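Geometric and topological summary
Each chain is listed here by its residues.
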Number of protein chains: 2
Amino acid sequence: MKNLLVASTSTIYGGSFLQYLLPQLKEHFKAIDTLLFIPYARPGGITYESYTSKVAVALKDFSISVKGIHEFDDPQKAIENAEAIFVGGGNTFVLLDQLHRRQLIEPLKRSMEKGTPYLGTSAGSNIVGLNVKTTNDMPIVHPESLSALGLIPFNINPHYLDPDPDSKHKGETRETRIKEFHTCNDTTVIGLREGSWIAVKGERMILKGELNARIFKQNKNPFELPANSDLSQLL
Amino acid sequence: MKNLLVASTSTIYGGSFLQYLLPQLKEHFKAIDTLLFIPYARPGGITYESYTSKVAVALKDFSISVKGIHEFDDPQKAIENAEAIFVGGGNTFVLLDQLHRRQLIEPLKRSMEKGTPYLGTSAGSNIVGLNVKTTNDMPIVHPESLSALGLIPFNINPHYLDPDPDSKHKGETRETRIKEFHTCNDTTVIGLREGSWIAVKGERMILKGELNARIFKQNKNPFELPANSDLSQLL
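1. Brief notes about the interface of chain A and chain B
- At the junction of the two partners, chain A supplies 46 residues and chain B supplies 46 residues.
- Overall, the association of chain A and chain B removes approximately 3600 Å² of surface from exposure, summing both partners, and the carbon and sulfur fraction of that is 62%.
- It is Met138, Ile140 and His142 of chain A that lose the most area in chain A upon contact with chain B, and together they represent 20% of the buried surface on that side.
- Between aspartate 137 of chain A and arginine 177 of chain B there is a salt bridge; the shortest N-O distance is 3.1 Å.
- Counting across the interface, chain A meets chain B through 20 residue pairs in polar contact (both at pLDDT 80 or more).
- The set of elements that each furnish at least two residues to the side of chain A that touches chain B consists of helix 4 (92-101), strand 6 (155-160) and helix 7 (174-184) of chain A.
- The element best represented in the side of chain A that touches chain B is helix 7 of chain A, accounting for seven residues.
- Grouping the constituent residues of the side of chain A that touches chain B by class yields 17 nonpolar, 18 polar and 11 charged.

2. As for empty space enclosed by the protein
- Evaluated as defined, the whole model comprises two cavities of 30 Å³ or more.
- Its volume calculated, the largest cavity comes out at about 50 Å³.
- Lining of the largest cavity is provided by Gly90, Thr92, Ser122, Ala123, Asn126, Thr135, Asn136, Asp137, Pro158 and His159 of chain A together with Glu172 of chain B.
- For the lining of the largest cavity, the secondary structure elements donating two or more residues are helix 6 (123-126) and strand 6 of chain A.
- Computed from the structure, the second largest cavity encloses a volume of approximately 40 Å³.

3. Quick word on the pattern of salt bridges
Residues and elements named next belong to chain A.
- Scanning the entire structure with this criterion turns up 20 salt bridges over all chains.
- Between lysine 179 and glutamate 175 there is a salt bridge, with its nearest N and O atoms 3.5 Å apart. Residue lysine 179 and its partner glutamate 175 are both found in helix 7; the two are separated by four residues, about one turn of the helix.
- You can call glutamate 175 buried: its relative accessible area is 15%.
- A salt bridge links arginine 214 to glutamate 224; the nearest nitrogen and oxygen atoms lie 2.8 Å apart. A residue pair is termed long-range when its members are at least 10 positions apart, and arginine 214 in strand 10 (residues 213-216) and glutamate 224 in strand 11 (residues 223-225) qualify at 10 residues.
- Given a relative accessible area of 31%, glutamate 224 falls into the partly exposed group.
- Salt bridges sharing partners connect three or more residues here, namely Asp162, Glu175, Lys179, Arg193, Arg214 and Glu224.

4. Observations regarding the environment of threonine 121 of chain B
Residues and elements named next belong to chain B.
- If you trace the backbone, threonine 121 turns up in strand 5 (residues 118-121).
- Since its relative accessible area comes to 0%, threonine 121 is described here as buried.
- Through-space distance from the C-alpha of threonine 121 to that of serine 232 is 21 Å; in sequence the pair is 111 residues apart.
- Setting aside its immediate chain neighbours within four residues, threonine 121 contacts Ala7, Thr9, Ser10, Leu18, Leu21, Phe86, Val87, Gly88 and Gly89.

5. Some words on the packing of aromatic side chains
All names here are of chain A.
- Enumeration over the complete set of coordinates arrives at 12 aromatic pairs over all chains.
- Centroid distance phenylalanine 37 to tyrosine 51: 4.9 Å. Interplanar angle 90°. Geometry classified as edge-to-face. Here tyrosine 51 lies in helix 2 (residues 48-58) and phenylalanine 37 lies in strand 2 (residues 34-38), a separation of 14 residues in the sequence. Both residues of the pair, phenylalanine 37 and tyrosine 51, belong to the buried class.

What counts and what doesn't
Residues numbered from 1 in each chain as written. Chains lettered and ligands numbered in written order. Predicted model: local features only at pLDDT ≥ 70, side-chain atom pairs only at ≥ 80, totals over all residues. Heavy atoms only, no water. Contact = heavy atoms within 4.5 Å. Buried area = accessible area lost by both parts, 1.4 Å probe. Salt bridge = Lys/Arg side-chain N within 4 Å of Asp/Glu carboxyl O. Polar contact = N/O pair within 3.5 Å; in protein donor to acceptor, adjacent residues only side chain to side chain. Helix = DSSP H or I, 4+ residues; strand = E, 2+ residues; numbered from the N terminus. Nonpolar A, V, L, I, M, F, W, Y, C, P; charged D, E, K, R; others polar. 1 Å grid on protein atoms, 1.4 Å probe; cavity = no way out; pocket = protein on both sides within 12 Å on 5 of 7 lines; lining within 4 Å. Points joined across faces, edges and corners; volume = space filled by probe spheres on them. Buried < 20%, exposed > 50% of the residue type's maximum accessible area, 1.4 Å probe, protein only. Phe/Tyr/Trp six-rings, centres within 6.5 Å; stacked < 30°, edge-to-face > 60°.

Here's what the structure looks like:
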């Protein structure tokens, strides 16, 4: 039974890395001794080692040993054997490129499907959707495919940002970008605001946190879905 | 001799489409009777016909006939025979995907190199650089390659946006994104603010408009370059 925590962001304003999620993670990771961290998204170009240490520091009050996937000789086996997995944020293209190159998409999928607890933040949440065509990131590398894990039947737009009515900037708003996505794709998009996450347990997908999510369906007006809604109603 | 006008945006705050550029365009397009418009980027999913009409309306005081590339049976020939070319903004991935699929990259390059006056705005400016890995757009389609025209030896980041010191949003700033680009790429990036453009005449590349550009070089701190600077000093 799938057991995923799919978060918009690792960090909310005024808080430290993962801080706002700690109460959930206490529960999510309660039965495990070791966590496999996948640092490939490298926010700001941080090294795998530093990124992994950052996770260990954030989870220091849990009695969990955090190991980065780069510490293993066989990353496919590391995933297969993992008690729990966390894929951190950063650049979604860099992350997905590594997952494709190292042929880790299928092992990750199998692991999630058999029930390994998963945490994704930002880029790590983007890859839980059908594809990453609704990432906010710059395409600084060109992965062979934009297909992702498809563990939920939607796409995620993490860090969803409402238009600023006072803006004088003429670049596209997030809403405009997602509407453009729907001129070429029919996948429903969950605009997940910072502080929100999706708790996936088997086929149930509950929107958690205090905020609404903004939902974009092809050929429909976008609408708000309140916290604690089950996203399966969107199917 | 190359003769390109590479603009950050088609529209500045408070103005209409192309309005702020009209004095430059009067000069840029002075010797021509017909303009070939390439509407492939389809901002907001607008049709090729509507987008082309929008350009004709904006240039109505010029005695120029505007034709969309979709009106020609052979787009490669249309480019070859064009007196002047305008590639409009929208989604950079959608634009580049069409250019690759229709094998228009080389014809466009040849046309620019022989001196056909070119106007690019936003996505149409992104493609003038070496590749589009510094676009702000969502990857709503997956082009076979992110390589672009390479008519200038840089990448463009159009609609360049300074960080908002009051922001509570934890998504990456534009500067952070471009720094991430430089963890995987060594191309210098011109952060072109709205209202700025680059006037390329042969090997001269002058920053025009009233604003500085922000320059990002790999392994260097970003810095400001004043209006009217020649960008060839960055080589």
